[in-house]
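Topology and contacts: notes
Below are the chains, spelled out letter by letter.
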Amino acid sequence: MEFKDLVFNFITGIKARVLDGLTLAEVGQILVEFLQLLVEAATRINASGDEKKKMVLDAVAAIWGVIEMGLPIPLWLKPFWGFIRSPLQHIVLAIASGAVEAILANFKARAA
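Keep in mind the model is a prediction, meaning the values are calculated, not measured. (Residues numbered from 1 in each chain as written. Predicted model: local features only at pLDDT ≥ 70, side-chain atom pairs only at ≥ 80, totals over all residues. Heavy atoms only, no water.)

Observations regarding the overall build of the protein
We apply this condition: Per the convention used, a helix needs a DSSP run of H or I reaching at least four residues, while a strand needs a run of E reaching at least two, with both numbered from the N terminus. A simple rule labels every residue: compare its accessible area, found with a 1.4 Å probe on the protein chains alone, to the largest value its type can have, and call it buried under 20%, exposed over 50%, or partly exposed in between. In this description, contact between two residues means that some pair of their heavy atoms is separated by no more than 4.5 Å. A 1.4 Å probe and the Shrake-Rupley method give the accessible areas. Residues count as covered only by the protein chains that appear here. Residues scored as charged are limited to Lys and Arg (positive) and Asp and Glu (negative), so that His and the chain ends carry no count. Note that the charge is assigned to NZ on lysines, CZ on arginines, CG on aspartates and CD on glutamates.
Helix and strand counts for the protein come out as four helices and zero strands. Overall, the C-alpha framework of the protein stretches about 50 × 25 × 20 Å when taken along its three principal axes. Counting all 112 residues of the protein, 33% fall into the buried class. The long-range share in the protein, meaning contacts at least 24 apart out of those at least 6 apart in sequence, stands at 74%. When the accessible area of the protein is evaluated, it comes to approximately 7200 Å², of which 63% is carbon and sulfur surface. Taking the average place of the 11 positive charges on the side chains of the protein and the average place of its 11 negative ones, the gap between the two points comes to 2 Å.

Structural notes on the packing of helix H3 (residues 49–67) against helix H4 (residues 81–111)
Two packed helices can be described by the angle between their axes and the distance between those axes. Test applied: All axes here are fitted lines through C-alpha atoms, helices being fitted over the stretch that makes contact, and every angle between N-to-C directions spans 0 to 180 degrees. Comment on the angle field: the value is read as roughly parallel under 35 degrees, roughly antiparallel over 145, roughly perpendicular from 65 to 115, and oblique elsewhere. Whether a crossing is left-handed or right-handed is set by the direction in which the near helix is turned from the far one by less than a right angle, anticlockwise for left-handed and clockwise for right-handed. Polar here means any residue outside two lists: the nonpolar Ala, Val, Leu, Ile, Met, Phe, Trp, Tyr, Cys and Pro, and the charged Asp, Glu, Lys and Arg; Gly therefore counts as polar.
The interhelical angle for the contact between H3 and H4, taken along N-to-C directions, is 140 degrees, at an axis separation of 10 Å. Classified by the interaxial angle, the pair formed by H3 and H4 is oblique. Of the two elements, H3 crosses H4, and the hand of that crossing is right-handed. Facing H3, whose interface residues are Lys53, Val56, Leu57, Val60, Ala61 and Trp64, H4 presents Leu88, Gln89, Val92, Leu93, Ala96, Ser97, Val100 and Glu101. Of the residues contributing to the contact of H3 with H4, the split by class is 10 nonpolar, two polar and two charged.

Let's talk about the layout of surface pockets
Selection criterion: Cavity and pocket criteria rest on a 1 Å grid covering protein atoms alone: a 1.4 Å probe that fits but cannot get out defines a cavity, protein on both sides within 12 Å along at least 5 of 7 lines defines an open pocket, and an atom within 4 Å of a point defines a lining residue. Grid points are joined across faces, edges and corners, and a volume is the space filled by probe spheres set on the points.
Here the largest pocket defines a volume of roughly 150 Å³. Taken together, Val39, Ala42, Thr43, Gly49, Lys52, Lys53, Val56, Val100, Glu101 and Leu104 make up the lining of the largest pocket. Contributions of two or more residues to the lining of the largest pocket are made by helix H2 (24–42), H3 and H4. Looking at the lining of the largest pocket, the element that brings in the most residues is H3, giving four residues. Partitioning the lining of the largest pocket into residue classes produces five nonpolar, two polar and three charged.

Some points on the side chain of Glu68
Applied cut-off: Polar contact criterion, stated in full: a pair of N or O atoms within 3.5 Å, where within protein one must be able to donate a hydrogen and the other to accept it, and residues adjacent in sequence count only if both atoms are side-chain atoms.
The residue Glu68 is located in the loop between H3 and H4 in this model. A distance of 2.9 Å separates the side chain of Glu68 from the side chain of Arg85, its partner in a polar contact. The contacts of Glu68, once residues within four sequence positions are left out, are Trp81 and Arg85.

Here we look at H4
The cut-off we apply is this: By definition here, a helix of n residues has an expected span of 1.5 Å times n minus one.
Between its first and last C-alpha, H4 extends 43 Å over 31 residues, near the 45 Å set by a 1.5 Å rise per residue. For H4, every residue scored as buried is listed here: Trp81, Val92, Ala96, Ser97, Val100, Ile103 and Phe107.

Topic: the side chain of Lys52
Stated formally: We define a salt bridge as a contact between a side-chain nitrogen of Lys or Arg and a carboxyl oxygen of Asp or Glu at a distance within 4 Å.
Within the secondary structure, Lys52 is located in helix H3. Among buried Asp, Glu, Lys and Arg side chains, Lys52 stands out as unpaired, with Glu51 the closest opposite charge at 8.4 Å.

What follows is the structure, encoded as structure tokens:
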């Protein structure tokens, strides 16, 4: 299965859960599961490490756009969501970037 198909299938699979609303624990679970799947798929792609990492982070940005629809935002925070949304996405992508490195190291250690 191609990388893009993998991303599309995963996003399609979580849309129903997202529309029901998510807890923060579910958001974390989805992101970790998605990152592991992406890194494993990226290890099979013939590209440089930087290109692979960019592909994974682009996919995380795409899934974040879907997850964001189901975030449990407190009512008092909703008026500020427009200001918080972009910085939160940057934080999620920064965390994902570090997680990609950790997951990749784990895959390499298991392969050795």
